[in-house]
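# Fold and contact review
Letter by letter, the chains look like this.
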Amino acid sequence: MRQKIVAGNWKMNNDLNQGLELAEAIINLQHEIPEDVHVIMAPPFIHLADIHRKVKDTRLKISAQNCAEEEKGAFTGEVSASMVRSTGSEYVIIGHSERRAYYNETDDVILKKINLALKNDLYPIVCCGEKLEQRENGQYFNVVREQLENTIFKLSSEEFSKVILAYEPVWAIGTGKTATPEEAQEMHQFIRKLVKDNFSDNAAEDTSILYGGSCKPSNSTELFKQDDIDGGLIGGASLKSKDFVELTKTFS
Ligand code: PEP
């Protein structure tokens, strides 16, 4: 079912103690989180098991920020989807633009990761979004369509039903520059239509599509109010417990 979701991507921030403190602070504020809002935190890999132990009796869920494209074996430094699942994490972010830009992740790699996540009972949070020059030269719909055609549209309907999508215009991530609610809604509506054309009306209605890119309590009300925006994938503002919880209260 289409859900309201606020997911926090901590990126490479917070050592273990700081991460545990942030999780604790969010747990202490969880009574403020509306009942119909699902809250997910994505700390670095090495914090997952400890943070899961802290949140396991709460409504908060845990996600990894990435997983390996291979199942297991001699891949020094990598962390597999099954390892992620064994920490108690239920979600994994796949295809974040920072992974695409700094670690050369292609759509093929992203599809392999999505398949491994699904095989290991993880819900993939799959990111898509255009770069600044692609927005400026009017290519943004084509770019996003191609990213989705090369990845999630290769899944079966049943597999796709586990996917959460995140539209993150690259020019808005960590820049303080947010897409306007109209720009974001226009793309979310486009993505939902593609889901409908590739799967079904029901799939389109049931898919949660999150917006990401400098989303914070001061702009989330307008964004979350849009028909096709079901919540946010939050970077910077997820590192402050009050802001993160505040975001969950800005759905109308
Ligand atoms: C992100 O990294 O997914 C993100 C949206 O970051 P920020 O909110 O900091 O722009």
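Residues numbered from 1 in each chain as written. Predicted model: local features only at pLDDT ≥ 70, side-chain atom pairs only at ≥ 80, totals over all residues. Heavy atoms only, no water.

It is worth spelling out the overall build of the protein chain at this point. Per the secondary structure count, the protein chain includes twelve helices and eight strands. Rg of the C-alpha trace for the protein chain: 17 Å, near the compact-globule value of 18 Å for 252 residues, within the 12% margin. Taking the principal axes of the C-alpha coordinates as reference, the protein chain spans close to 45 × 45 × 35 Å. By residue count, 53% of the 252 residues in the protein chain fall in the buried class. Nonlocal contacts in the protein chain, meaning residues at least 24 apart in sequence, comprise 72% of its contacts between residues at least 6 apart. With an accessible surface of roughly 11,700 Å², the protein chain has 47% of that area assigned to carbon and sulfur atoms. The distance from the centre of the 29 positive side-chain charges to the centre of the 39 negative ones in the protein chain is 2 Å. (Helix = DSSP H or I, 4+ residues; strand = E, 2+ residues; numbered from the N terminus. Rg over C-alpha atoms; globule rule 2.2 N^0.38 Å. Buried < 20%, exposed > 50% of the residue type's maximum accessible area, 1.4 Å probe, protein only. Contact = heavy atoms within 4.5 Å. Areas by Shrake-Rupley, 256 points an atom, 1.4 Å probe, with all protein chains shown as cover. Lys, Arg positive; Asp, Glu negative; His and termini not counted. Charge placed at Lys NZ, Arg CZ, Asp CG, Glu CD.)

With that settled, consider the sheet that holds strand β4 (residues 91–94). Here we have eight strands rolled up into a closed barrel, ordered β1-β2-β3-β4-β5-β6-β7-β8, and parallel in their pairing. Direction aside, neighbouring strands of the sheet carry axes that sit 25° apart on average. When strand β1 (residues 4–9) meets strand β8 (residues 231–234), the two strands line up parallel, connected through four bridges. Considered in β8, the bridge of A7 is made with L233. (Pairing = 2+ DSSP bridges. Axes fitted to C-alpha atoms, helices over the stretch in contact; angles between N-to-C directions.)

Helix length check: helix α9 (residues 181–198) (18 residues) gives 25 Å between terminal C-alpha atoms against 26 Å at 1.5 Å per residue, within 8%. For α9, the set of buried residues is P181, A184, Q185, M187, H188, F190, I191, R192, L194 and V195. (Expected span 1.5 Å × (residues − 1).)

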